[in-house]
Amino acid sequence: MSKIVAPPPFLKSAAKAAAKPIEVVKERSMLLQKQMLGDLFHDLTTAKDTGRKVVYTFVPGNLSELILAFDMLPVYPEINALQWGMRKKSGSLIRDAEKYGYSEDVCTYVKCDVGMFLNGNIGPTGEKLPPPDLLLLSYTGCFTFLKWFENLQKLYPGVPTAMLHTPYAADGVITEDMVKYMVRQLEEDVIPKMEMVSGKKFNPEKLSKHLEYAVESEDWIVKMFDLTKQVPSPIDAYFAGVYYIGPINAGFRGAESAVEYYHQLYLEVAERAAQGRPPVTPEGELEEERFRLVVEGPPNWTHFREFWKLFYDMGAVVVASSYTKVGGYFDGGFRHDPDNPLESLARYCMGCYTNISLPERVNMLEKFITDYKADGFLINSIKSCNSFSAGQLLIMRELEQRLGVPVSFIESDLVDPRYFSYANIKNRLDSFFQMMDQRKQVGGRHQFGQRPHDSASSQKRSLLLPVLQQEAMV
Amino acid sequence: MQRTFEALISECEHLAFDLQFSHAKAWKKGPSIVGAGDRFLAGYLPIYIPREIIHAMGGLPVGIMGTGDRMQIIKGDAYYQSYICHLPRGVVELALSGALADFDAFIFPSICDVVRNLSGMFQIFQGDDPAGAFIKYLDLPQNFAPGVGGTYYRQEIQSVIDGIQKRRSSSPIQEAVWVERLNESIRLYNENRTRIERIATLRQEFPWRLSAVEWYHVLRAGLAMPVEEHNNILYELEAVLLEERGRPLDNIRVVISGAFCEQPPIGLIKTIEMAGCYIVDDDFMLGSRWIEGDVAEGTSDPLGAVVDAYLQHSTFSASLYEAAPASGSKVERLTALVQRRKADGVIFAAPSFCDPALLDRPELQLGLERAGIRTIGFQYSENTGQFKVIKEEVGAFSDSIKLWDSEPDTRMWLPTVLEESNVIA
């Protein structure tokens, strides 16, 4: 009888499907996460009885610590949608929203959420979610958020909305003016509305305490993801990574329980790293890490298991991904600051991955590919998500030119099963793996730091020059 | 000498779709502007930027509204997936084909994630070229409190001013001159909006005198020429339209909504007209009419006036948070527009993959239906070439209102002015 560490809970079905009988040993961090999320959903389903107020908000630029400081409970519509997707039930919700009038072209997270509302607001756990007492529109890095909550305002008439406009870090810097703009919004709109809804006075000391916990969690997260620089990587930083970031993206950043969880998770991953063991997959421990990848873009949720299998069957491990930074980019050095709580929340929001400029995204991904010794770079382009997708082909071109690294591009969607084409994705990935394999046979791993081709930017291409002139210069 | 109607329209048609922006480039070669220095071109994407600022600095704001169906897209398509709208493909094509050479600045107002990311693509295309254009993502505030969003917006505008000055290596314009210049620019753009509204009102009463396509060309041409020239065109056009011309048809009257960014092809506008509709209002060139009413003139703080106008007098739009305008929800404001223009219905025409417009549509459509206003909706692309299906849909929509309206007496298409003057008879 083989003995493996359990895959994340959402992949239970995969473990059941394994050919050999296995003895599942759940790591402590898994039990902790299960308990945390179970408690949250229990609190939500009983919120009306207990009198706790419910805040609907978004993952990027989430103000978890502030919500905790008011003892309110968060609901994240994106997380509901992705969980419906993983349960393969998002398709019918999306179709219901389309019958209501939503175009096939628009974000499927929105449609899944509207479809859920139209079907009685039953959450992915099968229990009815409470309606919001407050819509906290943290408009961070995604214009669709604004439209989404405008729609929710119609579906939940009379529920107050607190709008927090996060300026886009278009020039790669966060200025003091931008910080002040956000702090003023927090002080003059967001916090007063939270006070009104919760019936509690804002307590800065309580917020600072939650920010202290957030700093601890952020430290452990960074340390944990840093371990994937090791060869072989002890975890898959994308397919398992999305599970690991669950708690900080579901309202627990700033909670004491998250500190315990991330500390425990770090210890477990560090132990694997010390033993030189490769990642755990739904079908057990990976035999050999053949390819190390950096992935840009969210995963597909409706076929998550099949999607991941396409990678681990080929020995491909994702060692870094941009998607795990949407709820906060802590690798770059940012930490919440308990001494400057509101400024710190503002800087956090503006530093989320989807709020940074395209050139900065290229720089970050370049650093990932180099630092994590990746063999290839892959984009999973999501039909639903313009914030991620618009410009990705240029990102890919830039990275290929800067680093000479093999690149590939696949397309799918977040939670619309109609846009997952297994054969197309497999074809693309097979070619990609072959390309990396050949590259390895010819010259070993890519020599990082070399710049085989000049990038568009280093060629100093100017919009002021006709293209023929530019080509002549090149 | 006054131009004939045909000459005016022909000139505008040419300028509206001159994708080399020859007129603007020729203007740039003119002599330096007293008090402001050398001329410059600032391209901007839909929907709205405060053009007064560019004008006061001695520049020409030029609307880059895409390529429509007038340019084959080759390079642009290489940068976008099939599920991204068409507008940025054309803009990239323009940039990489050299059509935007001579532009000194590009401003990308916050309207959606695609335009936002396009600003980053321009940054990458340009690299660190010291002679490169000034590239600015203009983050229009979604907070409308003067001390919060207003302060931030003022800083954003100031960064545009500073960035362009740096690009031109010019010193700041002397304060007194700046106040005078900006007040004059405000006056000119106020005049522009007033003249546009006057013609729109004339069209509301006499839509056959100026077709929607002709009006479209006039408005779009205004994005590629100095405001002074456009004001003259509008002045001459209004004089022509005061006289009767053309012949009224038994068309219904519609408002088009959702086409504020990627523009519909001319063939689509023609199709709607040919299917039995007078387009009495639309959001095609919404940036030209973004501010409703006048920006305060002659103040000691004209920049503050520009900021206040945005905060207090912006029109309603999918790109603007609904809490913005003090005068009601988007449904209420669109309903009011329909009533003001005496329209029979609304056609929701939005570009494919346009999240802002398409996410607004269900609630707008529902709200209008509740108010008893008929609607129809479809999607297009700026290079759509087949209109047969749309013509049938719009024709059926028109017929359903004309022939089977349950309360024909409530129809508002017949202009009151016409009834009074008995022009039809």
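Computed from a predicted model, the values in this text were never measured in an experiment.

### Here's the deal with the overall build of chain A
Scanning chain A from N- to C-terminus turns up 20 helices and twelve strands. Counting all 474 residues of chain A, 53% fall into the buried class. A separation of at least 24 residues holds for 77% of the contacts in chain A among residues at least 6 apart in sequence.

### Description of the sheet that holds strand β1 (residues 40-44) of chain B
Residue and element names in this part refer to chain B. One open sheet accounts for four strands, arranged β2-β1-β3-β4; its pairing is parallel. Whereas interior strands pair on both sides, the edge strands pair on one side only; in this sheet they are β2 (59-63) and β4 (134-138). Strand after strand, the sheet turns through a mean of 20 degrees between neighbouring axes, direction not considered. Both strand β3 (residues 105-109) and β4 contribute to a ladder of five bridges, which runs parallel.

### A word on the nonpolar core
L137, L293, V294, I369 and L399 of chain A together with V254 of chain B are the most contacted members of the largest nonpolar core, which has 276 residues in total. When residues are assigned to domains, this core turns out to be shared by domain 1 (20-173) and domain 2 (250-421) of chain B, each giving three or more. Residues in contact with L399 of chain A, not counting those within four places in the same chain, are V362, L365, E366, I369, F377, V405 and V407 of chain A.

### A few points about the interface of chain A and chain B
Opposite the 54 residues of chain A that make contact, chain B presents 57 residues. Elements supplying a minimum of two residues to the side of chain A that touches chain B: α8 (143-155), β6 (161-165), α9 (176-198), α16 (358-371), α17 (386-389) and α18 (392-403) of chain A. With seven residues, α8 of chain A is the largest single contributor of residues to the side of chain A that touches chain B. A breakdown of the residues in the side of chain A that touches chain B according to their chemical character gives 26 nonpolar, 16 polar and twelve charged.

### Some points on the environment of R193 of chain B
All names here are of chain B. Following the sequence through the fold, R193 ends up in helix α7 (residues 175-205). Overall, the presence of 17 C-beta atoms within 10 Å leaves R193 in the partly exposed class. For R193 and D294, which are 101 residues apart along the polypeptide, the C-alpha to C-alpha distance reads 7.9 Å. Setting aside anything within four residues of it in sequence, one finds R193 in contact with R289 and I291.

### Digging into unusual backbone geometry
Between V231 of chain A and the following residue, P232 of chain A, the backbone shows a cis peptide bond with an omega angle of -5 degrees. Summarising the element assignment, P232 of chain A is placed in the loop between α10 (204-226) and α11 (241-244). Here F21 of chain B, not a glycine, exhibits a phi torsion of approximately 55 degrees, which is positive. Its location among the elements puts F21 of chain B in the loop between α1 (5-16) and α2 (22-28). Note on F21 of chain B: 26 C-beta atoms within 10 Å, which makes it buried. For F353 of chain B, which is not glycine, the phi dihedral falls at a positive 65 degrees.

### Some thoughts on the domain arrangement of chain B
Size of an interface, as often reported, equals the accessible area lost when the parts are brought together. All names here are of chain B. When its domains are assigned, chain B resolves into domain 1 (20-173) and domain 2 (250-421). Each of domain 1 and domain 2 has a C-alpha centre, and the two are 26 Å apart. Across the boundary between the two partners, domain 1 contributes 27 residues, which contact 28 residues of domain 2. Of all the elements in the fold, those that place two or more residues in the side of domain 1 that touches domain 2 are α3 (51-56), α4 (87-96) and α6 (146-168). A per-element tally of the side of domain 1 that touches domain 2 places α6 first, with six residues.

### Considering the pairing of β4 of chain B
Most of β4 of chain B sits out of view: five of its five residues are buried. Because side chains alternate across β4 of chain B, one face comprises the buried residues F134, K136 and L138 of chain B, and the other comprises I135 and Y137 of chain B, equally buried.

### Let's talk about the packing of helix α7 (residues 108-118) of chain A against α8 of chain A
All names here are of chain A. Orientation of α7 relative to α8, taken along the N-to-C sense of each, is 10 degrees, at an axis distance of 11 Å. In terms of orientation, α7 and α8 fall into the roughly parallel class. Along the contact surface, α7 presents V110, V114 and F117, while α8 presents T144, W148, N151 and L155. In terms of residue class, the contact of α7 with α8 is built from five nonpolar, two polar and no charged.

### Overview of the sheet that holds strand β8 (residues 374-380) of chain B
All names here are of chain B. With parallel pairing, four strands are arranged side by side in an open sheet as β6-β5-β7-β8. Here the strands that pair on one side only, and so sit at the sheet edges, are β6 (277-281) and β8. Across the sheet, the mean angle separating the axes of adjacent strands is 35 degrees when strand polarity is ignored. Relative to strand β7 (residues 345-351), strand β5 (residues 252-257) is paired through four bridges, and the arrangement is parallel.

### Quick word on helix α5 (residues 113-126) of chain B
All names here are of chain B. For α5, which comprises 14 residues, the first-to-last C-alpha distance of 20 Å matches the rise-based estimate of 20 Å (1.5 Å per residue) to within 8%. For α5, the buried fraction is high: 14 of the 14 residues fall into the buried class. Backbone geometry just after α5 places G127 at a positive phi near 65 degrees.

### Description of the environment of V331 of chain B
All names here are of chain B. Relative to the helices and strands, V331 resides in helix α12 (residues 330-340). Judged by the 21 C-beta atoms lying within 10 Å of it, V331 is buried. Once the C-alpha coordinates of V331 and P31 are considered, the two residues, 300 residues apart in sequence, prove to be 48 Å apart. In contact with V331, not counting residues within four places along its chain, are E363, L364, G367 and L368.

### Let's talk about α18 of chain A
For α18 of chain A, with twelve residues, the first-to-last C-alpha span of 16 Å sits near the 16 Å given by 1.5 Å per residue. Q392, L394, I395, M396, E398, L399, R402 and L403 of chain A are the residues of α18 of chain A that are buried. Of the surrounding secondary structure, the elements contacted by the buried residues of α18 of chain A are β9 (291-296), α16, β11 (376-382), α17 and β12 (407-412) of chain A together with α5 of chain B. G404 of chain A, located one to two residues past α18 of chain A, shows a positive phi value of around 65 degrees.

### Considering the pairing of β6 of chain B
All names here are of chain B. Of all five residues in β6, five are buried, a share of seventy percent or more. Across four bridges, the pairing between β5 and β6 is parallel. Bridging across to β6, I252 finds its partner in C277. The parallel pair β5 and β6, bridged by helix α10 (residues 266-274), forms a crossover whose chirality is right-handed.

### Focus: the confidence of the model for chain A
All names here are of chain A. Averaged over all residues, the pLDDT of chain A equals 91, while 88% of them reach at least 70. Low pLDDT, under 50, characterises residues 10-20; the stretch is placed with 16 contacts to residues that sit more than four places away or in other chains. Contacts of residues 447-474 to residues separated by more than four positions or lying in other chains number 56 contacts, the stretch itself having pLDDT below 50.

The rules behind the values
- Residues numbered from 1 in each chain as written.
- Chains lettered and ligands numbered in written order.
- Predicted model: local features only at pLDDT ≥ 70, side-chain atom pairs only at ≥ 80, totals over all residues.
- Helix = DSSP H or I, 4+ residues; strand = E, 2+ residues; numbered from the N terminus.
- Buried ≥ 20, exposed ≤ 12 C-beta atoms within 10 Å, placed from the backbone.
- Contact = placed C-beta atoms within 7 Å.
- Pairing = 2+ DSSP bridges.
- Axes fitted to C-alpha atoms, helices over the stretch in contact; angles between N-to-C directions.
- Core = buried A, V, L, I, M, F, W, Y, C linked by C-beta atoms within 7 Å.
- Domains from an automatic or database assignment.
- Nonpolar A, V, L, I, M, F, W, Y, C, P; charged D, E, K, R; others polar.
- Parallel < 35°, antiparallel > 145°, perpendicular 65-115°, else oblique.
- Expected span 1.5 Å × (residues − 1).
- Right-handed = clockwise from strand over helix to strand, strands pointing away.
- pLDDT = per-residue confidence, 0-100.

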